[in-house]
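# Summary of the model geometry
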Amino acid sequence: MNKSSKYAHLQSKIIEMFLAGDSIHSISRQLGPGREYIAKVLRDGGIREYVYKPHNTTIHVPIEELKRLNESGLTGQDIAKRYGVSQAAIAARFKRHGIKPINWLKKNNLTKDLILRFIDEGLSIEEISEKGNISTAHLWKIAKQLDLTSALKSAILSHRYVDIEQQVIQAYEEEERSQRYLAKTFSLNRATIRRILERHSLDIRDRNRAAASRVLHEENDGSDADSIARALAGAGRFKDIRPCFFYIYGLARYPNLSKLGITFDMAKRIDNEYGSQQLLIEFSNRVEAFFFERAVSYHTREYKSCPLDLAQWGGYSEIRNIQPRDLVMYAESLHLEFRSQGLWEFVLNQRIRMRPELWAEVKRRAGIG
């Protein structure tokens, strides 16, 4: 193989892998060429307008601000994301000024025995966080280091937060999700899922039920609830081709929490629980808005939480324990990807969870397979 044909083969392989769903980083790792070269191949091939932008290595932030963020509990990775620089740049700045990353285990004295005692006393995740003077996100990080993740999840299931058991039942009955899917989604084992279903006297479905019948049921059961199957079929509210809006609001009584969602008419959507509007993005139809919302929801699912007094509120499942301004920054970055990639390529690249037969349909619409 001569040099020109070798490069032609490499460029063809790059385009093939990208269209199959591999990221530029993944292609670089597997084939060897740099990400800037891969981006050039894609541009030259007319695949997408993409310019690879390496991490900025310079950070123009006062050192006192970096100290404050460090002491507030943000990791070097968190700070790097906030200012759009590499972790190496943050680490170098810390080292230059003699800043030592805060050891949260030591600073807050949240030992394993203490956290377990709080759980036994019936404290919620929020209350334990307040005891340690940290955010709930950092409590989860500490729990992971101390091998207490399962204990915290049990505390959520037992009391205080949204009843996950009801979410399991809804997903099983209305969305016809499998026990395996439910176990993975809610971080429970299959035996626990089965016990929940049996406790509520639900029929245990045959796992070999035809996938096509499930989709048909979703499309024609008369419900208006949004789902991926209905979005692909243009059923339910997706028949309405009016412009649709994705929004992020703060909560009136919980300003540190965020509420996301989609709506045709924001004025009809809001109630007394909504605080100030943080972001409003218009999409040409509900299908686009729905899949964009799915992407944001999926990638922030680990921050899904709801105060006890909002557990019966209609929008409880779309509450995130994230500062509204941070969620806005993330949503805006995803919207740039949406605009550059188009709907179906965006859905593929975001790896939104869906059943295999629905995934195959998305790939078909993206012109793959």
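Summary of the structure given here. What you are looking at is a predicted structure, and each value in this text was computed from that prediction instead of being measured.

### Notes on the nonpolar core
Membership of the largest hydrophobic core comes to 37 residues, with the highest contact counts inside it found for Ile-228, Phe-246, Ile-248, Phe-291, Phe-292, Trp-344 and Val-347. If you list the elements that add at least two residues to this core, you get helix H16 (228-233), strand E1 (244-251), strand E2 (258-263), strand E3 (274-283), helix H18 (286-299), helix H19 (324-341), helix H20 (343-350) and helix H21 (356-365). With seven residues, H18 is the largest single contributor of residues to this core. With residues near it in sequence (within four places) discarded, Trp-344 still touches Leu-232, Val-287, Phe-291, Val-362, Arg-365 and Ala-366.

### Observations regarding the packing of aromatic side chains
Tallied over the entire structure, the rule returns 13 aromatic pairs. Consider the rings of Tyr-249 and Tyr-274, whose centres lie 5.3 Å apart with planes at 85 degrees: the pair is edge-to-face. With a gap of 25 residues between them, Tyr-249 in strand E1 and Tyr-274 in strand E3 connect regions that are remote in the sequence. Residue class for Tyr-249 comes out buried when judged on its relative accessible area of 6%. On the basis of relative accessibility, which here comes to 8%, the residue Tyr-274 falls in the buried class. With a centroid separation of 5.3 Å and an interplanar angle of 75 degrees, the aromatic rings of Phe-290 and Phe-291 are classed as edge-to-face. Under the relative-accessibility criterion, Phe-290 is labelled buried at 2%. Members of the aromatic cluster, each reached through a chain of ring pairs, are Phe-246, Phe-283, Phe-292, Phe-338 and Phe-346.

### A closer look at helix H2 (residues 24-31)
If you check which residues of H2 are buried, you get Ile-24, Ser-26, Ile-27 and Ser-28. Gly-32, located one to two residues past H2, shows a positive phi value of around 110 degrees.

### Notes on helix H6 (residues 87-96)
Every α-helix winds through 3.6 residues per turn, so residues three or four apart in the chain are directed the same way. For H6, the full list of buried residues reads Ala-89, Ile-90, Arg-93 and Phe-94. Viewed end-on, H6 has its buried residues packed into an arc of 135 degrees, placing them on one side of the element. The exposed set on the far side of H6, more than 90 degrees from its buried face, consists of Ala-88, Lys-95 and Arg-96. In the core, the buried residues of H6 are packed alongside helix H4 (63-71) and helix H5 (76-83). One or two residues past the end of H6 sits Gly-98, with phi positive at roughly 70 degrees.

### So, the sheet that holds strand E4 (residues 319-320)
Strand order in the open sheet made by the four strands is E3-E1-E2-E4, with antiparallel pairing throughout. The open sheet has two edge strands, E3 and E4, and neither has a second partner. Across the sheet, H18 lies against E1, E2, E3 and E4, angled at about 160 degrees from E2, the strand it touches most. Where H19 meets the sheet, it contacts E1, E2 and E3, and its direction lies at approximately 5 degrees from that of E3.

### Some thoughts on the pairing of E1
The buried count for E1 comes to seven of eight residues, which makes it a mostly enclosed element. Note: E1 against E3, seven bridges, orientation antiparallel. Bridge pairing in E3 places Tyr-249 opposite Gln-277. Relative to E2, E1 is paired through six bridges, and the arrangement is antiparallel. Bridge assignment links Gly-250 to a residue of E2, and that residue is Ser-258. In sequence, E1 turns back onto E2 through a hairpin of six residues.

### Some details on the packing of H18 against H19
The interhelical angle for the contact between H18 and H19, taken along N-to-C directions, is 130 degrees, at an axis separation of 11 Å. One element, H18, and the other, H19, form an angle in the oblique class. Handedness of the crossing formed by H18 with H19: right-handed. For the pair H18 and H19, the contacting residues are Glu-288, Phe-292, Ala-295, Val-296 and His-299 in the first and Leu-327, Tyr-330, Ala-331, Leu-334, His-335 and Phe-338 in the second. Looking at side-chain class alone, the contact of H18 with H19 contains eight nonpolar, two polar and one charged residues.

### Quick word on the side chain of Glu-288
Mapping Glu-288 onto the fold places it in helix H18. The side chain of Glu-288 sits in the buried core without any salt bridge; Arg-339 is the nearest counter-charge, 10 Å away. Within polar-contact distance, the side chain of Glu-288 engages the side chain of Ser-284 at 3.0 Å. Apart from the residues within four sequence positions on either side, Glu-288 is in contact with Phe-283, Phe-338 and Leu-343.

### Regarding the packing of H18 against H20
What describes two packed helices is the angle between their axes and the distance between those same axes. Look at H18 against H20: their axes get within 11 Å of each other, and the N-to-C directions meet at 15 degrees. Judged by the inter-axis angle, H18 sits roughly parallel to H20. Pair H18 / H20 crosses with left-handed handedness. On H20, the residues that touch Val-287, Glu-288, Phe-291, Phe-292, Ala-295, Tyr-298 and His-299 of H18 are Leu-343, Trp-344, Phe-346, Val-347 and Gln-350. Taken together, the residues that form the contact of H18 with H20 break down as nine nonpolar, two polar and one charged.

Procedures and definitions
- Residues numbered from 1 in each chain as written.
- Predicted model: local features only at pLDDT ≥ 70, side-chain atom pairs only at ≥ 80, totals over all residues.
- Heavy atoms only, no water.
- Core = buried A, V, L, I, M, F, W, Y, C linked by side-chain atoms within 4.5 Å.
- Buried < 20%, exposed > 50% of the residue type's maximum accessible area, 1.4 Å probe, protein only.
- Helix = DSSP H or I, 4+ residues; strand = E, 2+ residues; numbered from the N terminus.
- Contact = heavy atoms within 4.5 Å.
- Phe/Tyr/Trp six-rings, centres within 6.5 Å; stacked < 30°, edge-to-face > 60°.
- Arc of directions from axis to C-beta.
- Pairing = 2+ DSSP bridges.
- Axes fitted to C-alpha atoms, helices over the stretch in contact; angles between N-to-C directions.
- Parallel < 35°, antiparallel > 145°, perpendicular 65-115°, else oblique.
- Left-handed = near helix turned anticlockwise from the far one by under 90°.
- Nonpolar A, V, L, I, M, F, W, Y, C, P; charged D, E, K, R; others polar.
- Lys, Arg positive; Asp, Glu negative; His and termini not counted.
- Salt bridge = Lys/Arg side-chain N within 4 Å of Asp/Glu carboxyl O.
- Polar contact = N/O pair within 3.5 Å; in protein donor to acceptor, adjacent residues only side chain to side chain.

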